[in-house]
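Descriptive structure summary
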Amino acid sequence: MRSIKYHRPRGYSCGTGKCASCLVRVDGTPNVRACVTPARDGMVVETQNAFPSARRDFFAVVDKVYRRDFDYHEKFIHPRVLTPLYNAVIRRMAGFGKLPDLKPISRSRVRPTIIKREVDVLVVGAGPAGLAAAAAAAEGAATVLLAEEADREGGSLLLHRDVGGRDGTLVAAELLARVRDAGGEVLASSVAFGCYLTDGVGNKMPAPGIVAVLTHERIIEVKAKALVVASGYHETPALFPGNDLPGVMGARAALILLHKHGVLAGQRVALSAPATRHAGEDLAKAGADVVAWGESPVVEAMGGTHVERVRLADGRELRVDCVLYAGDETPRVELLQQCGAPFVASGWVLVPDPSKLPPGVFAAGDVLGASSPLDAMASGEAAGESAAAFARTVRPL
Amino acid sequence: MTPHTPFVTTTGPLKDHYDAVVVGGGANGLGVARHLAMGGMRDVLVLEKSYLLAGASGRNGGGVRAQWGTADNLVLARESIRMFRDMSAELGFNVYFRQGGYLFLAHDEKTVDALRKTVAFHNANGVKSRVVDAHEAQIIVPDLSTSGVLAASYHPGDGIIFPWAVVFGLAKKCTELGVDVRTFTSATGFETSGGRVTLVRTNRGDVKCDWVVNAAGCWSNQVADMVGLKLPNTPVRHEILVTESLKPFLDPMVVDLRNGLYASQDMRGEIISGIGMPGEKPGINFQSSFAFTKRVARALVDILPNLGEVKVLRQWAGAYDVTPDSKPILGPSPGLANFVQLNGASGHGFMISPMTTLLVAQSILGQPPSIDMRPYRLDRFGPDWVAEKEPLVIG
Amino acid sequence: MTTDKCMVCTCEDVNDIELREAIARGCRDLESLKRYTGFGTGPCQGKACVTLARRLLSEVTGESVEALGAITYRPPVQPVPLRFLAGDEE
């Protein structure tokens, strides 16, 4: 697709459905994130914001004309008689997807519903920390609901072939079995999208409030005695010219492509930082040629509609079709912030202060700062036990 | 490359004395400061306690309409629309004002009757609205579900503006004119003597002043309390949400009079929508509720069915600064001639700010007011006051 | 030789030069910077770009990461189609 203002080429980037680099129109619905949408026979997929095509977009001229910056605040004012024309053109250019077709081609005939659930412990995120927390809480006799936004549980476990000597997917499967055996309910493709701490007339509630979860064709308003946020992190982009070119992505995004989808991010790969080494090794094992191992950071990525070359800090210029970056991972603190959690700085990012979380709110795993899957599991286990213990002290809701 | 004009003063201590201290840095505070500076006042200070756009000026949906039900609100809005048209050129900053109209939908005979009367009232007061039938409403908004729509009122001169740009543009113009615009600077108290405010205490030191303008929106009560003045204003939360961006398909702001729903498409293509929540308690509360989300989604999808697949990106809230008659309070305070009110706009402060700020500046500068300011005086709420409540409040 | 842009917010196409100019105009906190440049106001609502923007702000103004804080993450933290929010309540 092409980006909103500059019409720069964009493609697969975060791999988790968080950024806006892979938005396409699917079966008449605009702004669908391709990276988390399974392909189906008969699906109609169209590009957005490009004319006549994403590959050859006429409006890419904007990116060439405005080489440095484009500040829309002091433009399009004169002459005043042209205001309606300016407005019409700007609306056309600034809008992203087209209004959905009134009868979208949809397989689902189920009318969406909204239901209410009460549980002792709600765990958000089924990576190593979340799975461990849910297992510990369920084994601690709490009623547990575990919500995972991806279509498969496991999180970072699915991307590691060596977690304490074992394949991460096996570890994930074991933890999942523990949760289910102890009576915990697990929902995949389910995203907790908000902690609401006031009601419709302004009465305040203590955290975690009502946690709204979007799952298959329904929304669940969850009232939980305790909330464990094990949401992990967002990969923070690296900052160098051309950092948004298709083929430039975070190390985890490349691992998701490889281990979850069986796709190699590129044939000639440059690593921009030592922290991407794990991804580089896995890509190399899968047949990619890693031409730079992060010994010298990437200072520029170049290419037309895809990355074709990089320049490294040591002056080398290499031909590539994939660049991986890592570092400064941003903890996914959104729900915790809504619950009123305070934050402290950790390098360039903010992490929750685990000692100052509101009563009933717990955090585990990479959301507290990037760590290894084993550390995340330990963190989750502790949080799950604490959450279950807390839930026992709470009067019935 | 010429550096751009800064918006705010970022360095240096406050002066010892200002001709006017304006409490509040939104569209009202910056607007009146601009007019005062243009009128020759040399030392004007704007105190914004937070970042620019932290208050209602940064939280509203950008709606600008002349379709009001009382003359006192209508004339302020009608004149403000005229002034918004010139604003981008005057500020040298694009406020992206688009006059796509407002369409008020009526689904029952009683509402249609009320609409007809309101339109007649508009037409008698220089606002060229008209009643349209369901068929024409469909032409104006092709994606509208006209099921149950009996008629609608439509004024093509109403429109949508980009509120953030208005505030940045006003701040820039104020700074160009020599106004001292300070963010993260708040009034903490006042000193009075002989029926006049003589000094403003701030978190950055005390300043002497000749005039004070209370343009603090939902915090106006708190500011007035600092001088022992009781305002009849009540802050009330109103919630709002925004969707992802779409290519343009909706020209007017659509209002459903059954429930007070409003929805419009901004310049970026996003649908901005809000609805009233019955029973909302008074208070300053900017948190969001899920009850609102459900209510507004249901109402939206009912009148614009294509929006079912459109995704909500964000919801937030602000507070209307509500007076008993939903009209603003403009002008001096009884007992404190130089403590001037510029608040109480009850949810439409932004859209009437060009006119209200001009009027207040005129009264301070001793210039004849562009319109009679008596209906907006604080002391109108006396024993002889007869309530003429504004019927067309939405959101 | 002109180099390509360093994109900070890919949702709204805001690059580092645009952020620096906004800071120079007086947007010395994250909230003003967000409102002026539009960073963090797109489909992702500022999930990862805030780290980059805050780092830039910190480097230019000298304010610490902790003092600069975060932008406000309102619900929904992932986009939700209106039809689900309009669902039948059981």
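See the structure above.
A quick note: this is a predicted structure, and the numbers were derived from the prediction, not measured. (Residues numbered from 1 in each chain as written. Chains lettered and ligands numbered in written order. Predicted model: local features only at pLDDT ≥ 70, side-chain atom pairs only at ≥ 80, totals over all residues.)

1. What to know about the overall build of chain A
Helix and strand counts for chain A stand at eight helices and 21 strands. Against the globule reference of 21 Å for 397 residues, chain A gives a C-alpha radius of gyration of 23 Å, in line with a compact fold. Taken along the three principal axes of its C-alpha coordinates, chain A extends 65 × 55 × 45 Å. Among the 397 residues that make up chain A, the fraction classed as buried is 51%. Taking contacts inside chain A between residues at least 6 apart in sequence as the whole, the part at least 24 apart equals 61%. (Helix = DSSP H or I, 4+ residues; strand = E, 2+ residues; numbered from the N terminus. Rg over C-alpha atoms; globule rule 2.2 N^0.38 Å. Buried ≥ 20, exposed ≤ 12 C-beta atoms within 10 Å, placed from the backbone. Contact = placed C-beta atoms within 7 Å.)

2. Things to note about the nonpolar core
The tendency in soluble globular proteins is for nonpolar side chains to be buried side by side. If you look at the biggest cluster of nonpolar residues, it comprises 282 residues, and the most contacted ones within it are V121, A133 and V228 of chain A together with V22 of chain B. Aside from chain neighbours lying at most four places away, what touches V228 of chain A is V121, V123, V124, A133, F362, A364, A383, G384 and A387 of chain A. (Core = buried A, V, L, I, M, F, W, Y, C linked by C-beta atoms within 7 Å.)

3. Thoughts on the sheet that holds strand β14 (residues 261-265) of chain B
With respect to topology, nine strands assemble into an open sheet ordered β5(B)-β6(B)-β4(B)-β13(B)-β14(B)-β15(B)-β12(B)-β16(B)-β3(C), the strand pairing being mixed. One side of each edge strand has no neighbouring strand; the edge strands of this open sheet are β5 (130-133) of chain B together with β3 (80-81) of chain C. As paired strands, β5 of chain B and strand β6 (residues 151-155) of chain B are joined by four bridges and run antiparallel to one another. Bridged to V132 of chain B within β6 of chain B is A152 of chain B. Running over the sheet, helix α3 (residues 109-123) of chain B touches β4 (102-106), β5 and β6 of chain B and is turned about 20° from β6 of chain B. (Pairing = 2+ DSSP bridges. Axes fitted to C-alpha atoms, helices over the stretch in contact; angles between N-to-C directions.)

4. What about unusual backbone geometry?
Most of the time, phi is negative for any residue but glycine, and the peptide bond is trans. All names here are of chain A. For the bond from H78 to P79, the omega torsion is -10°, close enough to zero to count as cis. Tracing the backbone shows P79 in the loop between α1 (61-65) and α2 (83-94). Residue P208 follows A207 across a cis peptide bond; omega there is 0°. Position of P208 relative to the elements: it lies in the loop between β7 (191-196) and β8 (210-215). Even without a glycine there, the phi angle at N31 is positive, about 55°. Tracing the sequence through the fold places N31 in strand β2 (residues 29-33). Not every positive phi belongs to a glycine, and A141 is a case in point at roughly 70°. Assessed through the 13 C-beta atoms surrounding it within 10 Å, A141 is described here as partly exposed.

5. A closer look at the interface of chain B and chain C
Counting residues at the interface gives 30 residues for chain B and 22 residues for chain C. For the side of chain B that touches chain C, the secondary-structure elements that each account for two or more residues are α5 (163-176), α7 (290-303) and β16 (311-322) of chain B. When its residues are assigned to classes, the side of chain B that touches chain C shows 17 nonpolar, seven polar and six charged. Pairing geometry for β16 of chain B and β3 of chain C, over two bridges, is antiparallel. Bridge pairing in β3 of chain C places V312 of chain B opposite V80 of chain C. (Nonpolar A, V, L, I, M, F, W, Y, C, P; charged D, E, K, R; others polar.)

6. Concerning the interface of chain C and chain A
Tallying the contact residues gives 40 residues for chain C and 51 residues for chain A. Broken down by element, the side of chain C that touches chain A gets its largest block of residues, four residues, from helix α1 (residues 16-24) of chain C. Residues of the side of chain C that touches chain A, tallied by class, amount to 17 nonpolar, nine polar and 14 charged. Note that strand β4 (residues 113-124) of chain A and strand β4 (residues 88-89) of chain C share two bridges and pair parallel. Opposite I114 of chain A, over in β4 of chain C, you have E89 of chain C as the bridge partner.

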